Amino acid sequence: MNEPSVFDIYTNEYEEWFEKNKFAYLTELEAIRRALPPHPGRGLEIGVGTGRFAQPLGIEVGIDPSDKMLEIARKRGIKAVKGEGENLPFKDEEFDFVLLAFTLCFVKDPKRVLQEAQRVLKPNGLILIGIIDRESELGKLYLSRKNESKFYRIATFFSTQEIMDMLQELGFKNIRTLQTLFGNPTEL
């Protein structure tokens, strides 16, 4: 049996971050909302966690490896499925859009996750990816404090360019970027 993940052990601390950093959370949520088309269709969130993004965005389906996180997501009305992004238990071309909100830094094989997202997307589907860009001021701050964080000590931060390169290699087109946070969210 696998050891519990940091997300299973520190679920309450994860949830508290959103309350303590409400402005940062709402800013990121609004950025994602603005990136979605007016009627986005059926969505999937890979790394749904507790449903903090899926629920307010109307995303009905989410996948996550953390049992404790999924419990909370289900209470928020998400059809929460246990699993990993590298092997999605969904049919080809099942979703109109896929969201990865600050998830890629925690997965074992980010390119495989993107391939799976591409597989479950309908033709002309939309993928939305939220990251902490390691080359941004915030990314550099998080990297300098990485070992102090229960969550980020296990993360691999990427640059925006690295994510764009992976997407281009997979054939994604019309790639756009948007940045919202420029400093430490606890100091905003």
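As shown above, the structure is provided for reference.
So, how was this worked out
- Residues numbered from 1 in each chain as written.
- Predicted model: local features only at pLDDT ≥ 70, side-chain atom pairs only at ≥ 80, totals over all residues.
- Heavy atoms only, no water.
- Helix = DSSP H or I, 4+ residues; strand = E, 2+ residues; numbered from the N terminus.
- Rg over C-alpha atoms; globule rule 2.2 N^0.38 Å.
- Buried < 20%, exposed > 50% of the residue type's maximum accessible area, 1.4 Å probe, protein only.
- Contact = heavy atoms within 4.5 Å.
- Areas by Shrake-Rupley, 256 points an atom, 1.4 Å probe, with all protein chains shown as cover.
- Lys, Arg positive; Asp, Glu negative; His and termini not counted.
- Charge placed at Lys NZ, Arg CZ, Asp CG, Glu CD.
- Pairing = 2+ DSSP bridges.
- Arc of directions from axis to C-beta.
- Axes fitted to C-alpha atoms, helices over the stretch in contact; angles between N-to-C directions.

K.L.:
Sorry, what's going on with the overall build of the protein here?
P.N.:
The number of helices and strands found in the protein is eight helices and five strands. Computed over the C-alpha atoms, the radius of gyration of the protein is 16 Å, within 12% of the 16 Å expected from 2.2 N^0.38 for a compact globule of 188 residues. Once the C-alpha set of the protein is aligned to its principal axes, its extents read approximately 40 × 35 × 30 Å. Taken over 188 residues, the protein has a buried fraction of 48%. Taking as baseline every contact in the protein between residues at least 6 positions apart, the subset at least 24 positions apart corresponds to 67%. For the protein, the accessible area works out to roughly 10,600 Å², and carbon and sulfur atoms hold 49% of it. If the 26 positive side-chain charges of the protein are averaged to one point and the 29 negative ones to another, these points end up 2 Å apart.

K.L.:
For this particular structure, what's the right way to read the pairing of strand E2 (residues 61–64)?
P.N.:
When a strand is regular, its side chains alternate between the sheet's two faces. Burial of the side chains of E2 extends over both faces: Val61 and Ile63 are buried on one face and Gly62 and Asp64 on the other. Relative to E2, strand E1 (residues 43–46) is paired through three bridges, and the arrangement is parallel. Each bridged residue has a counterpart across the sheet, and for Glu45 the counterpart in E2 is Gly62. When E2 meets strand E3 (residues 79–82), the two strands line up parallel, connected through four bridges. Looking across to E3, one finds that Asp64 is bridged to Lys82.

K.L.:
Looking at this structure, I do not really get the environment of Ala73. What am I missing?
P.N.:
Mapped onto the fold, Ala73 is located in helix H5 (residues 67–75). Given a relative accessible area of 0%, Ala73 falls into the buried group. Considering only alpha carbons, one finds Ala73 and His39, 34 residues apart in sequence, at a separation of 23 Å. Not counting residues up to four positions away in its chain, the partners in contact with Ala73 are Gly49, Thr50, Gly51, Ile78 and Ala80.

K.L.:
Even after reading the chapter, I still don't get helix H6 (residues 110–120), so can you show me in this structure?
P.N.:
Because each turn of an α-helix spans 3.6 residues, side chains separated by three or four positions in sequence point in the same direction. Among the residues making up H6, those that are buried are Pro110, Val113, Leu114, Glu116, Ala117 and Val120. The arc that holds the buried residues of H6, viewed along the axis, is 160°, so those residues lie on one side. Its buried side turned inward, H6 meets E1, strand E4 (95–101), strand E5 (121–130) and helix H8 (160–169).

K.L.:
What should I look at first to understand the sheet that holds E4 in this one?
P.N.:
What the five strands build is an open sheet, ordered E3-E2-E1-E4-E5; its pairing is parallel. The strands lining the two open edges of the sheet, one partner per strand, are E3 and E5. Recorded for the sheet is a direction-independent mean angle of 20° between the axes of neighbouring strands. Each of E2 and E3 touches H5; the most contacted strand, E3, lies at about 165° to it.

Treat this as a map of the structure, not an account of what it does.
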